[in-house]
Number of protein chains: 2
Amino acid sequence: MSYKIKFDHFFSYSFSLDCAIFGYKDGKIHVLLIKRAMEPYSGEWAIPGNLVYPDEDLPIAASRILSELTKLTDVELHQGQTFGNPNRHPQGRVITCAYFALVRIDDLVAEADSWAEEVLWAPMHELPSLAFDHKEIVESTYADLRRKLQYEPICFDLLPEKFTLNEMQQLYEYAYNVEMDKANFRKKIKSIPLIHLEEKQKNVKHRPANLFSFDADRYKQLVEEENYLFRM
Amino acid sequence: MSYKIKFDHFFSYSFSLDCAIFGYKDGKIHVLLIKRAMEPYSGEWAIPGNLVYPDEDLPIAASRILSELTKLTDVELHQGQTFGNPNRHPQGRVITCAYFALVRIDDLVAEADSWAEEVLWAPMHELPSLAFDHKEIVESTYADLRRKLQYEPICFDLLPEKFTLNEMQQLYEYAYNVEMDKANFRKKIKSIPLIHLEEKQKNVKHRPANLFSFDADRYKQLVEEENYLFRM
DNA sequence: TATCTTATTGTATATTTTACAAAAAGTATA
DNA sequence: TATACTTTTTGTAAAATATACAATAAGATA
């Protein structure tokens, strides 16, 4: 059966996937929005999403949507909630599964394409209004992200390859909307398998901080060999 | 549009919902299985599930499936992962959303019906093989359940209305497959809003334990007023 | 060289967790 | 009725962890 036949009844009962792409810059967690170039909600902000093809597995669809907009491949995708309110889509019954991805903003060039006239990195604390139920979807995946930040080393997917402990601390401070003690944060971090780089921050007008990077190999080893549990 | 028309293409691209119903007895967390009375996988064990009707929201579909089998209403339903592998259903593309419910086994009478020749409470550590990808679905919702047991007071949905602290401890011991110290467990529990009943265990041939029940009203009040966080 | 700013270390205290001993409240048995 | 037995419940000391905050270090700048 060809895709064409399927598309004929997509808006009577169909399945889509929406992807919240999170990034971190200026001490804030951002989400990537597109200005929709087609109806419904043309001209309004939304997160990228698309119908799932009839023979396509969900993770495949998620990375397709991610790479169409960002050209990124090999990014881990996390499944979020599924939204199925019969009225969530004005043109018919569309159940949608939320995914989210964590990217380094500097690594990518999100460009307007046929789906989007414009793209925008919006700080999570300053979201504009969004098309469909996308506000709810973004908030829900953000809650998932915040939860996972506590017991999986995924903050390193948001931070630059080489980061300072203060940058890491500020990420958690933004996510949980709290202030933390530098000295104590630093002590807690000691238990995480980080590589202390022989390199320092540059172009700052004060004492430069040490740069670290996450030791993913050592992390995997620790998990396997001694049941290591990342915990913040 | 009538349901009939929809059903015509259910097996080309459709959406279902499967529900893992968990209960607790004999110190073990059990899941309710049905022996399927129709193809595919007729005669095999599975969890209850059904297609989602075209105008039906997901939580509604979930409680429909739950109440058809158990006659229970007013049970909180938790959404789990969504499974969309194109080959998961032998008769076509069926994406399914997992839900799980927590029930008190004594409160219900699960009966065989048109969908099921037989029902079975299977301990989570001793699952038989299951139809479709239901093993994966059950394990996934069980992982969700274990996670939620840590920071939401849902163990009380599994325990009897009146329970001893040892029964509660044994539930956690089964869930996390660990042994805990009675004295220390008891101390931790002190911070939870429990009602200490003026009642004791009966028909035991040793010192009877005190019975407690969860103070749901006080819990809600604490959450609102002082940001109380349940934590195990 | 002195000053400014932020990074980094150190230390003492408070809080929480853990291990384990002791006491209490029942039943069963002689 | 006394004694043993089993499980509940309380207590206490040590260990580990978290918190508050002072002190020092390493750069840039003037």
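As the structure is a prediction and not an experimental result, all values here were calculated from the model.

## Details of the interface of chain B and chain A
Here is step 1: On the chain A side, the residues contacting the 27 residues of chain B number 27 residues.
Here is step 2: Both faces considered, chain B and chain A share a buried interface measuring about 2100 Å² in area, 52% of it formed by carbon and sulfur atoms.
Here is step 3: Where chain B packs against chain A, one counts zero salt bridges.
Here is step 4: For the pair chain B and chain A, the interface holds eleven residue pairs in polar contact (both at pLDDT 80 or more).
Here is step 5: Residue assignment for the side of chain B that touches chain A shows that the elements contributing at least two residues are β1 (14-25), β5 (77-83), β6 (94-102) and α3 (134-151) of chain B.
Here is step 6: The element that contributes the greatest number of residues to the side of chain B that touches chain A is β5 of chain B, accounting for four residues.

## Some thoughts on the protein's contact with DNA strand C
Here is step 1: Neighbouring residues of DNA strand C: 19 residues in total, closest N166, K182, K187 and N210 of chain A together with R207 of chain B.
Here is step 2: Among all atoms of DNA strand C positioned within 4 Å of the protein, those belonging to sugar or phosphate total 58%.
Here is step 3: A distance of 3.1 Å is found between a base nitrogen of DNA strand C and a side-chain nitrogen or oxygen belonging to R207 of chain A.
Here is step 4: Contact between DNA strand C and N210 of chain A: a phosphate oxygen at 2.7 Å from a side-chain N or O atom of the residue.
Here is step 5: Every element with two or more residues in the surface near DNA strand C is listed here: α6 (182-189) of chain A together with α6 (182-189) of chain B.
Here is step 6: Counting residues per element, the surface near DNA strand C draws most heavily on α6 of chain A, at four residues.

## Describing the domain arrangement of chain A
Residue and element names in this part refer to chain A.
Here is step 1: Under the domain assignment used here, chain A contains domain 1 (3-150) and domain 2 (155-226).
Here is step 2: Using C-alpha coordinates to define each centre, domain 1 is positioned 29 Å away from domain 2.
Here is step 3: Taken residue by residue, the interface counts 17 residues in domain 1 and 15 residues in domain 2.
Here is step 4: Taken together, domain 1 and domain 2 are joined by one salt bridge.
Here is step 5: For R104, the salt bridge goes to E161, with nearest N and O atoms at 3.3 Å.
Here is step 6: Across the domain 1-domain 2 interface, the total number found is ten residue pairs in polar contact (both at pLDDT 80 or more).
Here is step 7: For the side of domain 1 that touches domain 2, the element with the most residues is helix α3 (residues 134-151), which contributes four residues.
Here is step 8: Across the side of domain 1 that touches domain 2, the residue classes break down as nine nonpolar, four polar and four charged.

## Notes on unusual backbone geometry
Residues and elements named next belong to chain A.
Here is step 1: Between E39 and the following residue, P40, the backbone shows a cis peptide bond with an omega angle of -10°.
Here is step 2: By the secondary structure assignment, P40 is in the loop between β2 (28-36) and β3 (45-46).
Here is step 3: In the Ramachandran plot, N203 falls in the positive-phi region, its phi being about 60° despite a non-glycine side chain.
Here is step 4: Position of N203 relative to the elements: it lies in the loop between β8 (194-200) and β9 (210-214).
Here is step 5: Residue N203 is classed as exposed on the basis of its relative accessible area of 83%.

## A few points about the relation of the copies chain B and chain A
Here is step 1: Of the two same-sequence chains, chain B is brought onto chain A (RMSD 0.1 Å, axial shift 0.1 Å) by a rotation of 180°. The two molecules are tied by a two-fold rotation axis, judged by turn and shift.

## Focus: the side chain of D144 of chain B
Here is step 1: Along the chain, D144 of chain B turns up in helix α3.
Here is step 2: Ignoring any residue separated from it by four or fewer positions in sequence, one finds D144 of chain B in contact with G80, Q81 and F100 of chain B.

## Describing the pairing of strand β9 (residues 210-214) of chain B
Residues and elements named next belong to chain B.
Here is step 1: Taken across its five residues, β9 has four buried, putting it largely inside the fold.
Here is step 2: Here four bridges tie strand β8 (residues 194-200) to β9, and the two strands are oriented antiparallel to one another. Looking at the pairing, L194 lines up with F214 of β9.

## Looking at the protein's contact with DNA strand D
Here is step 1: In the neighbourhood of DNA strand D, 19 residues make up the surrounding shell, with R207 of chain A together with N166, K182, K187 and R207 of chain B lying closest.
Here is step 2: A share of 55% is what sugar and phosphate atoms reach among the atoms of DNA strand D within 4 Å of the protein.
Here is step 3: Side-chain polar atom of N166 of chain B to a phosphate oxygen of DNA strand D: 2.4 Å apart, as the coordinates give it.
Here is step 4: Between DNA strand D and the protein, one listed contact pairs a phosphate oxygen with a backbone N or O atom of N210 of chain B at 2.7 Å.
Here is step 5: Listed by contribution, the elements that provide at least two residues to the surface near DNA strand D are α6 of chain A together with α6 of chain B.
Here is step 6: Considering every element that reaches the surface near DNA strand D, the biggest residue donor is α6 of chain B, with four residues.
Here is step 7: A per-class count over the surface near DNA strand D returns five nonpolar, five polar and nine charged.

Conventions used here
Residues numbered from 1 in each chain as written. Chains lettered and ligands numbered in written order. Predicted model: local features only at pLDDT ≥ 70, side-chain atom pairs only at ≥ 80, totals over all residues. Heavy atoms only, no water. Contact = heavy atoms within 4.5 Å. Buried area = accessible area lost by both parts, 1.4 Å probe. Salt bridge = Lys/Arg side-chain N within 4 Å of Asp/Glu carboxyl O. Polar contact = N/O pair within 3.5 Å; in protein donor to acceptor, adjacent residues only side chain to side chain. Helix = DSSP H or I, 4+ residues; strand = E, 2+ residues; numbered from the N terminus. Near = heavy atom within 4 Å. Domains from an automatic or database assignment. Nonpolar A, V, L, I, M, F, W, Y, C, P; charged D, E, K, R; others polar. Buried < 20%, exposed > 50% of the residue type's maximum accessible area, 1.4 Å probe, protein only. Least-squares fit on C-alpha atoms with pLDDT ≥ 70 in both. Pairing = 2+ DSSP bridges.

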